[in-house]
Amino acid sequence: MKLYGRYLSPFVRRVAVSLNVMQQPFEQVVLAPFDEWEKAQSINPVVRIPALEIDNGEVLIDSGAILDHLDEVAGPNSLLPRSGQPRREAMKLVATAVGAMEKTVGAVYEGRFHSPEKIEASWVERCENQALSAFKALDTVAAKTNGEGWLFGDKISQADISAVVALTFAKLARPQMKASDQVPSLSKLASRLEQTEAFKSTMP
Ligand SMILES: N[C@@H](CCC(=O)N[C@@H](CS)C(=O)NCC(=O)O)C(=O)O
């Protein structure tokens, strides 16, 4: 399999970590959509990363759709419960983590693509507050095991992967948010997981 993108993108990284956790070998093809429009467009019509080329040559796009496929073929190694209330609960945690990624990316893009006088401070503040609110909700869940267990169930799930990837991204790309300082239990979970090979080998 070929994973297109850069690990600074939390959407790419959550796919890479998931592949590692599932012990699915893949090759990373570095692709920066802002610098390589044509190449990115030839792989993904939305001109975004990640994209995953699977072994039959099909190219999947969007981290959620990619992970949905990986879970479908993973059988017992799936990173989410199959159905019912457990699935809804885990999916809500994943959606909270992905929301934190999206809002952090929103704050970063506002600064990157607007000249300083055109940056809308109230929008940046709103994005940051939404991301922080999502991180705090995840922290409340992590606090139930003092950051020493899992966000859902008794083994690593997509909720842990996406939450930790989101927090590390916020720390690196938006340090002024000071996200880690405000979520001690989630930070503890992140420190633990970031030391594992599945995460370490994808550190941006
Ligand atoms: N919903 C998408 C979001 C992907 C996304 O926004 N990727 C960013 C990198 S962090 C990107 O490619 N941005 C380029 C652009 O939007 O022009 C997913 O989960 O894969």
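Focus on the nonpolar core
Nonpolar side chains in soluble globular proteins tend to be buried together.
Right, on to step 1. Grouped together as the largest cluster of nonpolar side chains are 62 residues, with contacts concentrated most on L70, F135, L151, L186 and F199.
Right, on to step 2. Per-element tally for this core: the top contributor is helix α6 (residues 158-173), with nine residues.
Right, on to step 3. Looking at this core, you find at least three residues from each of domain 1 (2-77) and domain 2 (84-200).
Right, on to step 4. In this structure, L151 is in contact with L93, L138, V141, A142, A159, D160, A163 and L189, ignoring residues within four places of it in sequence.

Re the site of the ligand
Right, on to step 1. S9, F11, P33, F34, V47, R48, I49, P50, D62, S63 and Y109 make up every residue found near the ligand.
Right, on to step 2. With respect to the ligand, the backbone of I49 contributes an N or O atom lying 2.8 Å from a nitrogen atom.
Right, on to step 3. The fraction of the free accessible surface of the ligand (510 Å²) that becomes covered by protein chains is 81%.
Right, on to step 4. Counting atoms within 2 Å of the grid points, the majority share of the ligand lands in the largest pocket.
Right, on to step 5. Partitioning the shell around the ligand into residue classes produces seven nonpolar, two polar and two charged.

Let's talk about the domain arrangement of the protein chain
Many structure descriptions define interface size as the accessible area lost when the parts assemble.
Right, on to step 1. Domains assigned within the protein chain are domain 1 (2-77) and domain 2 (84-200).
Right, on to step 2. The C-alpha-based centres of domain 1 and domain 2 are spaced at 20 Å.
Right, on to step 3. At the interface, 13 residues of domain 1 touch 20 residues of domain 2.
Right, on to step 4. The contact between domain 1 and domain 2 buries some 1,400 Å² in all, and 67% of this surface belongs to carbon and sulfur atoms.
Right, on to step 5. Counting the surface domain 1 buries against domain 2, the share from its top three residues, R13, R14 and F34, is 39%.

Here we look at a nonpolar patch on the surface
Right, on to step 1. Together, L8, L172 and M203 give the surface a local cluster of nonpolar side chains, amounting to about 260 Å² of exposed area.
Right, on to step 2. Of note, L172 is situated in helix α6.
Right, on to step 3. Using a relative accessible area of 46% as the deciding quantity, one classes L172 as partly exposed.

Here's the deal with the environment of K39
Right, on to step 1. The topology assignment puts K39 in helix α2 (residues 37-43).
Right, on to step 2. On a C-alpha basis, the gap between K39 and M177 in space is 33 Å, while along the polypeptide they are 138 residues apart.

A word on the environment of D55
Right, on to step 1. Locating D55 in the fold gives a position in the loop between β3 (51-53) and β4 (59-61).
Right, on to step 2. Expressed as a C-alpha distance, the spacing of D55 and M1, which sit 54 residues apart in the sequence, is 5.5 Å.
Right, on to step 3. Of note is the side chain of D55, whose polar atom sits 3.1 Å from the backbone nitrogen of M1.

Let's talk about the packing of helix α1 (residues 10-21) against α6
Right, on to step 1. In the contact formed by α1 and α6, the axes pass within 9 Å of each other and the chain directions differ by 140 degrees. Considered as vectors, α1 and α6 are oriented oblique to each other. Once α1 is placed against α6, the crossing between them reads as right-handed. Two secondary-structure elements touch here, α1 through P10, R13, R14, V17, S18 and V21 and α6 through Q158, I161, S162, V165, T168 and F169.
Right, on to step 2. Class assignment for the residues of the contact of α1 with α6 results in six nonpolar, four polar and two charged.

Cut-offs and rules
- Residues numbered from 1 in each chain as written.
- Predicted model: local features only at pLDDT ≥ 70, side-chain atom pairs only at ≥ 80, totals over all residues.
- Heavy atoms only, no water.
- Core = buried A, V, L, I, M, F, W, Y, C linked by side-chain atoms within 4.5 Å.
- Buried < 20%, exposed > 50% of the residue type's maximum accessible area, 1.4 Å probe, protein only.
- Helix = DSSP H or I, 4+ residues; strand = E, 2+ residues; numbered from the N terminus.
- Domains from an automatic or database assignment.
- Contact = heavy atoms within 4.5 Å.
- Near = heavy atom within 4 Å.
- Polar contact = N/O pair within 3.5 Å; in protein donor to acceptor, adjacent residues only side chain to side chain.
- Areas by Shrake-Rupley, 256 points an atom, 1.4 Å probe, with all protein chains shown as cover.
- 1 Å grid on protein atoms, 1.4 Å probe; cavity = no way out; pocket = protein on both sides within 12 Å on 5 of 7 lines; lining within 4 Å.
- Sits in = over half its atoms within 2 Å of the grid points.
- Nonpolar A, V, L, I, M, F, W, Y, C, P; charged D, E, K, R; others polar.
- Buried area = accessible area lost by both parts, 1.4 Å probe.
- Patch = residues over 30% accessible without salt bridge, like charges linked within 9 Å, V, L, I, M, F, W, Y side chains within 5 Å.
- Salt bridge = Lys/Arg side-chain N within 4 Å of Asp/Glu carboxyl O.
- Axes fitted to C-alpha atoms, helices over the stretch in contact; angles between N-to-C directions.
- Parallel < 35°, antiparallel > 145°, perpendicular 65-115°, else oblique.
- Left-handed = near helix turned anticlockwise from the far one by under 90°.

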